[in-house]
Every structure is written in C-alpha cells, then in structure tokens.
Amino acid sequence: MNDRLLRAYQVMATIVGLNLLIVMAGFIGKIATDAGSWWNLNQDMFLVIDQVHGFLFMILIVIVARLTLREKWSWGFMLSVIVLACIPFVSFWSERRTTLRVHAGRQRAAAV
C-alpha cells in the first residue's frame, strides 16, 4: 500500500534521530573537552544544528499527530512516540515500533 504519511513519518523520524545524535555529540564534546577544543570552537555550528533540530522535531510532532488521528491511536501511545523520539538511539526503535503498529492495523483491517 502506498502510504505517504507513514513514509513521511519514517523519513522525518530517522532525520530527527540522526540530528539528535549530532546535537548530543556536540553537547558532550563541549562539556568533556577544554575551551580550545574543536567542539568548543565550533559551538556556533552546533547552535544552528540545535535550531534545525527543534524545527524538524516540531514537524515530526505534527506528522505523529496526523498519524494518531488517522490510525485512531490512544493519546498515551502518541505521547510515547513523541517522548521516545527525544532519547538518542531509542528514537530509532520507536520508529520501527510505530511502523509495525501501522502495518499490523492495516492487516487487521484487511482481514475484516
């Protein structure tokens, strides 16, 4: 089945997850190294990446809300998807869990 909303979610969740790893690397690099390190000298670059991450995360929330309405998920599941997207590495597992839930819902609907 051609599902643009699910594909948009998968792509955006992956981009946001990768961006989150970059943001966390910048944060850890800044606090773990001295003032003259590459991490500290390039904090302006990480500030831009942080801002882009925030914008992309808002887009992800909108897509998750649209999926929630379409798939008739509970508010708890929707919130879990959003919260898990904030945790490095766990965000990728959450994307797979959500995709599998959409596919399972489609299989149940097709069986009826």
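Residues numbered from 1 in each chain as written. Predicted model: local features only at pLDDT ≥ 70, side-chain atom pairs only at ≥ 80, totals over all residues. Heavy atoms only, no water.

An unreviewed UniProt entry annotates the protein chain as DUF3817 domain-containing protein of Aeromicrobium duanguangcaii. Quoted straight from UniProt, the Subcellular location (unreviewed entry) entry for the protein chain says "Cell membrane". (UniProt positions renumbered as here; feature names shortened; annotations may be inferred.)

## Re helix α1 (residues 4-32)
End to end, α1 covers 42 Å across 29 residues, agreeing with the expected 42 Å (1.5 Å per residue, within 8%). Capping of α1 at its N-terminal end is provided by aspartate 3; its side-chain oxygen lies 3.3 Å from the backbone amide nitrogen of leucine 5. (Helix = DSSP H or I, 4+ residues; strand = E, 2+ residues; numbered from the N terminus. Expected span 1.5 Å × (residues − 1). Polar contact = N/O pair within 3.5 Å; in protein donor to acceptor, adjacent residues only side chain to side chain.)

## Description of unusual backbone geometry
In this structure, lysine 72 takes a positive phi of about 60° despite not being glycine. Within the element layout of this structure, lysine 72 appears in the loop between α3 (43-71) and α4 (75-84). The residue phenylalanine 89 is not glycine, and still its phi comes out positive at about 70°. Note that phenylalanine 89 resides in the loop between α4 and α5 (90-111). A relative accessible area of 60% places phenylalanine 89 in the exposed class. (Buried < 20%, exposed > 50% of the residue type's maximum accessible area, 1.4 Å probe, protein only.)

## Concerning the packing of α1 against α5
Contact pair α1 / α5: the axes reach a minimum separation of 9 Å and the direction vectors enclose 170°. Taken as axis vectors, α1 and α5 run roughly antiparallel relative to one another. Where α1 abuts α5, its residues Leu6, Tyr9, Gln10, Ala13, Thr14, Gly17, Leu18 and Leu21 lie against Ser91, Phe92, Ser94, Glu95, Arg96, Thr98, Thr99, Val102 and His103. Across the contact of α1 with α5, the residue classes tally to 7 nonpolar, 8 polar and 2 charged. (Axes fitted to C-alpha atoms, helices over the stretch in contact; angles between N-to-C directions. Parallel < 35°, antiparallel > 145°, perpendicular 65-115°, else oblique. Contact = heavy atoms within 4.5 Å. Nonpolar A, V, L, I, M, F, W, Y, C, P; charged D, E, K, R; others polar.)

## Quick word on the UniProt feature "domain: DUF3817" (unreviewed entry) in the protein chain
Taking the UniProt record as the reference, the feature "domain: DUF3817" (unreviewed entry) is found at residues 6-98. Secondary structure content for residues 6-98 is 85% helix and 0% strand, and the end C-alpha separation is 9 Å.

## Concerning the UniProt feature "transmembrane region" (unreviewed entry) in the protein chain
The positions that UniProt labels "transmembrane region" (unreviewed entry) are, in the present scheme, residues 12-33, 45-67 and 73-93. When the span residues 12-33 is considered, its composition is 95% helix and 0% strand, and the gap between its end C-alpha atoms is 31 Å. Segment residues 73-93 splits into 67% helix and 0% strand. End C-alpha atoms: 18 Å apart.

## Considering the side chain of asparagine 40
Assignment of secondary structure puts asparagine 40 in helix α2 (residues 38-41). Sequence-distant contacts of asparagine 40, that is, excluding residues within four places in its chain, are made with Lys30, Thr33, Asp34 and Ala35.

## Focus on the packing of α4 against α5
Their axes nearest at 8 Å, the elements α4 and α5 cross at an angle of 150°. Overall, the two elements α4 and α5 adopt an arrangement that is roughly antiparallel. Within the contact between the two elements, α4 uses Phe77, Ser80, Val81 and Leu84 and α5 uses Val90, Ser91, Trp93, Ser94, Arg97, Thr98 and Arg101. When its residues are assigned to classes, the contact of α4 with α5 shows 5 nonpolar, 4 polar and 2 charged.

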